[in-house]
Amino acid sequence: MKNFLSVNEVSNIDSLIADALAYKADPFKDSALGNRKRLGMLFLNPSMRTRISTQIAAKNLGMDPIVFNVGQDGWTLEFEDEAIMSGNTVEHVKEAAPVLGKYFDILGVRTFPSLQNKADDYSELYIHQFIKYAGVPILSLESATLHPLQSLTDLITISENWNPSPLFRRRAGGEVKPKIVLTWAPHVKALPQCVANSFSQWVTAWGQADFVITHPEDYELDEKFTKGATITHNQDEALQRADFVYVKNWSTYKDYGKIYCNDPEWMLTTEKLAVTNNAKIMHCLPVRRNVELSDEILDGPNSIVTQQAGNRVWAAQAVLAELLKSEQ
Ligand code: CP
């Protein structure tokens, strides 16, 4: 693995999940792998989980992580080629990236989309400029359209929690796939499509689930990420016999970055979950309580959101280990 931007860099998803779970069982088993290696972590946007879990993962591997908040701690970066830098940007990525490439062995980058211009956001200009100019492996800490460390975490968490009874397996005639539902939820702000895009991309590439996406009209995601999923505007129908329900808001993709519907009826309730197979509830966090997800669900026995967030460490550790091994 030279860079980690999406599931497309992963040759074997199951093997990466197994690596992550092995690190969870024994966090320091490869504590010499990253000796004398530095991980730079550039944040152009806020973060709690990604920032902390990736630092812990790096330290578990013996790496030295250094966090840098672009724009707050340093100069505002320009990413456009041939830009006339007479505005607010002070340093071009053409200088910043190769300098950082001299300081670090691996460079993690978090960017968000503008939600103003779909073509710009979906070109992933920022992260591609770092790949072009840094000269070291680039680790996405979330980009304009995808959040691969989150999605790997999500599949690790599903794997841990998917445990159908032997009777159920026998009745199904052997291995059975979980039914995973990604449901849109209301929110007060226009949010990126990254988590939903990335989750869809990973679940469909994994191919080991019946995958349903449900959202109100006009919230269709980019088809390149959802190909292979069943898509419905009927949330009640989607929830039938679900084993996992992943809750997430996103803004519109087609008429880009808008909030069309914000119907509170789309927020999950315990009553709605009655038709599921005692489904586990997931969310990438942070979550707006009683807007995206109700207290009763977040505080209830089926919520695995904090287990999921805890698994961010093991996903990051498995990916960093792959990147380090590729450089040996
Ligand atoms: N889920 C996630 O990426 O959380 P942070 O924004 O806190 O990193």
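Preceding block: the structure.
Just so it is clear, the structure is predicted and the values come from calculations on it, not from any experiment.

Here the focus is the site of the ligand. Around the ligand, the structure places S47, M48, R49, T50, R110, H147, Q150, C284, L285 and R312. Contact between the ligand and Q150: a nitrogen atom at 3.0 Å from a side-chain N or O atom of the residue. Classifying every residue of the shell around the ligand by side-chain character gives three nonpolar, four polar and three charged. Formed jointly, the shell around the ligand draws a minimum of three residues from each of two domains, domain 1 (7–146 + 311–327) and domain 2 (150–310).

On to the side chain of S251, then. Along the polypeptide, S251 turns up in the loop between strand 10 (244–248) and strand 11 (280–282). On the accessibility criterion, S251 (1% relative accessible area) is buried. In terms of polar contacts, S251 uses its side chain to reach the backbone carbonyl oxygen of L191, at 2.7 Å. Dropping the residues within four chain positions of it, S251 is found in contact with L115, A190, L191, P192, Q193, Y219, G257 and K258.

This part is about the sheet that holds strand 5 (residues 106–110). Strand-to-strand pairing in sheets goes through backbone hydrogen bonds, with the strands running parallel or antiparallel. If you trace the four strands from one edge of the open sheet to the other, you get 2-1-5-6, paired in parallel fashion. Each edge of the open sheet carries a strand with a single partner, namely strand 2 (64–69) and strand 6 (138–140). Each adjacent strand pair in this sheet contributes to an overall mean axis angle of 20 degrees, direction not counted. Direction of pairing for strand 5 relative to strand 6: parallel, over a ladder of three bridges. When the sheet's bridge partners are listed, G108 is paired in strand 6 with L139. Its contacts with the sheet place helix 2 (residues 49–60) against strand 1 (38–43), strand 2, strand 5 and strand 6, and it is angled at close to 175 degrees to strand 1.

The next point concerns the sheet that holds strand 10. Spatially, the five strands line up as an open sheet ordered 9-8-7-10-11, and their pairing is parallel. Strand pairing shows two members of the sheet lacking a second neighbour, strand 9 (230–232) and strand 11, which therefore form its edges. Geometrically, the sheet is characterised by an average inter-axis angle of 20 degrees between neighbouring strands, direction not taken into account. Of the pairings in the sheet, the one linking strand 7 (residues 179–184) to strand 8 (residues 210–214) comprises five bridges and is parallel in character. Of the residues in strand 8, the one forming a bridge with T183 is T214. Against the sheet, helix 8 (residues 194–206) engages strand 7, strand 8 and strand 10, with an angle of about 165 degrees to strand 7.

Among the six residues that make up strand 7, six are buried, leaving the element largely enclosed by the rest of the structure. Burial of strand 7 is two-sided: the residues K179, V181 and T183 facing one way and the residues I180, L182 and W184 facing the other way are all buried. In this structure, strand 7 lies alongside strand 10, joined through five bridges in parallel fashion. Bridge assignment links T183 to a residue of strand 10, and that residue is V247.

Here the focus is the side chain of E78. With respect to the helices and strands, E78 occurs in strand 3 (residues 77–78). Here E78 occupies a buried position and makes no salt bridge, while the nearest side chain of opposite charge, K94, is found at 11 Å. Here the side chain of E78 touches T89 through a polar contact of 2.8 Å, side chain to side chain. Beyond its immediate stretch of four places on either side in the chain, E78 contacts A83, M85, T89, E91, H92 and V93.

What counts, and at which threshold
Residues numbered from 1 in each chain as written. Predicted model: local features only at pLDDT ≥ 70, side-chain atom pairs only at ≥ 80, totals over all residues. Heavy atoms only, no water. Near = heavy atom within 4 Å. Polar contact = N/O pair within 3.5 Å; in protein donor to acceptor, adjacent residues only side chain to side chain. Nonpolar A, V, L, I, M, F, W, Y, C, P; charged D, E, K, R; others polar. Domains from an automatic or database assignment. Helix = DSSP H or I, 4+ residues; strand = E, 2+ residues; numbered from the N terminus. Buried < 20%, exposed > 50% of the residue type's maximum accessible area, 1.4 Å probe, protein only. Contact = heavy atoms within 4.5 Å. Pairing = 2+ DSSP bridges. Axes fitted to C-alpha atoms, helices over the stretch in contact; angles between N-to-C directions. Lys, Arg positive; Asp, Glu negative; His and termini not counted. Salt bridge = Lys/Arg side-chain N within 4 Å of Asp/Glu carboxyl O.

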